[in-house]
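The primary structure of each chain is shown beneath.
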Amino acid sequence: FGSSTDIWSTFESARQLSSMATPMRSSRAKASPILTSLVCGFLLYFGVPMAFSTLAGHPKTSQQRRQFSVARRGESATAEKTETAEGAEGEEFEFQAEVGRVMDIIINSLYSNKDVFLRELVSNAADACDKKRFLALTNSDAPPEPMKLRINTDKDARTLTIEDNGVGMLKEELKENLGRIARSGTANFVKELGSGDADVSLIGQFGVGFYSAFLVANKVDVYSRSFKEESDGKTWFWSSTGHSYKIVEAPKEDFFGEQSGTKIVLHLREEAQEYLDTGKLSDLLKKYSEFITFPIELFNEKVQYDQVPDESAPPPKEGEKQKMKSVPRSVYEWDIMNKMKPIWLRNPDVVNQSEYTEFYKTTFKAFDEPMTVTHFKVEGQIEFRALVFIPSTMPFELTRDMFSPEGRAMRLYVKRVFINDKFEDLVPRWLTFVRGVVDSEDLPLNVGREILQKSRTLKIIRKRVVRKVLDTIDDLRESNPDKFESFWTSYGKYFKVGLVEDLDYKDELKRFVRFWSSKSGDNQTSLDEYISRMKEGQDKIYFVTGEGKRAAEIAPAMEKMRLKDYEVLYMVDPLDEICSQSIVDYEGKKLVDINKAGLDLEKSEEEKKELEDTIKEYETLATWLKKQLGERVQKVQVSDRLVESMATLVQGEWGMSPMMQRYMKSQTTSGAQDSAFAIGSRNQAILEINPTHSVIKALKNLMETSPDSSETEDMVMMVYETAALIGGYTIEDPGDFAKRVTKLMEFQADSGSAPGTQDAEIVG
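Since the model is a prediction, treat every value here as computed from it, not as a measurement.

K.L.:
Can you explain the overall build of the chain? Please cite residues and give values.
P.N.:
Across its full length, the chain carries 23 helices and 23 strands. The buried share of the chain, taken over its 764 residues, is 50%. In the chain, of all internal contacts separated by at least 6 residues, the share reaching a separation of at least 24 is 75%. Accessible surface, the chain as shown: approximately 37700 Å² in total, 50% of it carbon and sulfur.

Here is the structure:
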């Protein structure tokens, strides 16, 4: 890098080049973002913090204070004062910069939109008021005047003015604070005072906030009168177009504050005319600066209606009044933009539920009542306050996409200055549904206040917020079970997703997840509740998968579980099954899928001996069935989990349930992938037969007497397809299955009578 002047010249050339785009620019559209980034990079190179900072001092005597002046000045008065200040002989200075800091700013802190300039200047003006209040309390017996900020526009002169009656600056402070790069006046202020405790509520450490003004202005003028004793009531004028800056005394400049203040006049670029619209400014102030400590006043145009005689009306008759009409009239007045108070700064003991509800509905544009409110303050290694709500109903933005970025509403503030409400690292993804505010006192931000650094402070904030939310849900579960059931119905899926993808909270979330079960009735049950009902000697948690509660209830594997009186959890959607794979075990008890091969239920020695004999007896049938079914199944074996059903399809230990297979198949996009997936899923299936069922016994007899007949072949396929259907699988050819069922019914009809009927008795 060369000198500062050379860099500013390069920046100005780049900006002019951008403004000279021709109608052919559309053919080079891809270059626009690159050029924009280059311009912003050079711009931020010369960013410095808003210089509303001074060292310790105290106010002048009353004789040296100026009287209150009119805040809105006409165009001619503004032009006259500016011309007087610029016409006087002043000193011109070059900007100073440390290349290392500037590079860091360019790499990490490019502003994503121009609107942030107003947030930066307003927050720095509030910072100046904070400093004045602190200095007055520590160095003077007299309290400072009431402090506030005023914002005014002049459409004819194309200027935007931001003024405060804060601490102000001396000439040397203007030079020091506005002439250096990446220097924080607030940081130096706190450092030199030797403090840093919570009593000094200063923003600070934000870097180049002041020079964000050049995002929208091609010239910036600053008038400032210092609060310090040695200022002698002098007002100084600082002006820059970016190349260099000038400082000169401006004795005729008026401020609305009597003691001190700073006024920034932005000469807006042609493309930034939207910031002359008070409606636009009002929206930005309410978005970014709604909770600033000091009043923010916007000089706004309003329409009033005056009652005047209606000259077009006929003259009134004797005794009647003159007919009147309403005539609109434009008036200008100061409107306060930040009437909402930061409720999270108050002690939770003095805030009632109606206040929380009003804040929730107003801030988050909600129509429902909050289900829970979590309000707390953290002190110690870091300091922050938080106010978190759980909505009673699912936020509309999340009804179609449970992780929609538009559905995030955790608002991050730093010293009451709004930073972002879509910040992903403030709370984990599985808490997307919560709404709230986190206001940090010492969260490190980069120079643009937009990209939060990966810091230890942020990790602590995230951990504490999650801990408090989980504690609140715990309290809800214990104190109001009905309300907790409503909560789980709305947001239970988020916790299951968190259990799967958030390793930091995996063990913590296990105790929250709930499932339907064979003994929970109309309510879902937690793993702790399941364990409390386990039979003596039971060391496993059993579950079964199915598409819906009813499908899980009628699963063939449930027959033996009901017989032995084991409770079984129902995993009724793919997320439940994925969740079960993530849980693995709980309180030392392993989760077992009763539809998987290798199910080991407790048996007596006699039962084990009987099963071994049965397996040997039906070994030939199992081998023959595998040959008949071919690649449809992995193998055929005798089952000990069936009681009433003749057969069932189960998966190997690492196989997927039919519900999960369909879900995974729906995620594929290629026909070849579908085909490969279908073959793989069929190979995993294991056909288990019930040797005590009459159909299996009949099939064994047919294998021994007529293994090649069409009737035997139909029966083999009927056994397989029936097991597939009841197990939730999709059969390959429904048409063939229908033909076999029809053939069976025809055979029954040809046998002479339908099942369950008898010939009528003739009474003679």
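The structure having been displayed, the exposition proceeds.
K.L.:
Run through unusual backbone geometry, naming residues and quoting values.
P.N.:
Excluding glycine, residues mostly have negative phi values, and the peptide bonds linking residues are mostly trans. One non-glycine residue with positive phi stands out, namely Arg158, at about 60°. Considering the arrangement of structural elements, one finds Arg158 in the loop between strand 2 (149-154) and strand 3 (159-164).

K.L.:
Break down the pairing of strand 13 (residues 417-420) for me, citing the residues and quoting the values.
P.N.:
Bridging between strand 12 (residues 409-414) and strand 13 involves three bridges; their strand directions are antiparallel. Each residue of the ladder has a partner; that of Val414, found in strand 13, is Val417. The hairpin turn running from strand 12 into strand 13, its antiparallel successor, is two residues long, and Lys415 in that turn takes a positive phi close to 55°.

K.L.:
I'd love a proper account of helix 6 (residues 171-178), names of residues and values included.
P.N.:
Buried within helix 6 are the following residues: Glu173, Leu174, Asn177 and Leu178. Across the axial projection of helix 6, the buried residues extend over an arc of 105°, all falling on one side.

K.L.:
Go over the nonpolar core, please, and point to the residues and values.
P.N.:
In globular proteins that are soluble, nonpolar side chains generally tend to be buried together. Core analysis: the biggest nonpolar cluster contains 132 residues, and Leu266 and Phe487 have the highest contact counts within it. Among the elements that make up this core, the one with the highest residue count is helix 10 (residues 456-479) (nine residues). Formed by 28 residues, the second largest nonpolar core is a distinct cluster that contains Tyr618, Leu625, Leu649 and Leu687.

K.L.:
Describe the sheet that holds strand 13, listing the residues and the values that go with them.
P.N.:
One open sheet accounts for five strands, arranged 10-11-14-12-13; its pairing is mixed. The open sheet has two edge strands, strand 10 (370-378) and strand 13, and neither has a second partner. In this sheet, adjacent strand axes meet at a mean angle of 20° when their direction is disregarded. Bridging between strand 12 and strand 14 (residues 435-440) involves six bridges; their strand directions are parallel. Bridge pairing links Met410 to Gly436 in strand 14.

K.L.:
Account for the packing of helix 11 (residues 481-501) against helix 16 (residues 574-583), naming residues and giving values.
P.N.:
Two elements in contact, helix 11 and helix 16, have axes separated by 9 Å at closest approach and are oriented at 40°. The angle between the axes of helix 11 and helix 16 places the two elements in the oblique class. Seen from above, helix 11 lies across helix 16 with left-handed handedness. Between helix 11, through Lys493, Lys496, Val497, Leu499 and Val500, and helix 16, the contact on the second element is made entirely by Leu575, Asp576, Ile578, Cys579, Ser582 and Ile583. Here the residues of the contact of helix 11 with helix 16 sort into seven nonpolar, one polar and three charged.

Cut-off values and rules
- Residues numbered from 1 in each chain as written.
- Predicted model: local features only at pLDDT ≥ 70, side-chain atom pairs only at ≥ 80, totals over all residues.
- Heavy atoms only, no water.
- Helix = DSSP H or I, 4+ residues; strand = E, 2+ residues; numbered from the N terminus.
- Buried < 20%, exposed > 50% of the residue type's maximum accessible area, 1.4 Å probe, protein only.
- Contact = heavy atoms within 4.5 Å.
- Areas by Shrake-Rupley, 256 points an atom, 1.4 Å probe, with all protein chains shown as cover.
- Pairing = 2+ DSSP bridges.
- Arc of directions from axis to C-beta.
- Core = buried A, V, L, I, M, F, W, Y, C linked by side-chain atoms within 4.5 Å.
- Axes fitted to C-alpha atoms, helices over the stretch in contact; angles between N-to-C directions.
- Parallel < 35°, antiparallel > 145°, perpendicular 65-115°, else oblique.
- Left-handed = near helix turned anticlockwise from the far one by under 90°.
- Nonpolar A, V, L, I, M, F, W, Y, C, P; charged D, E, K, R; others polar.

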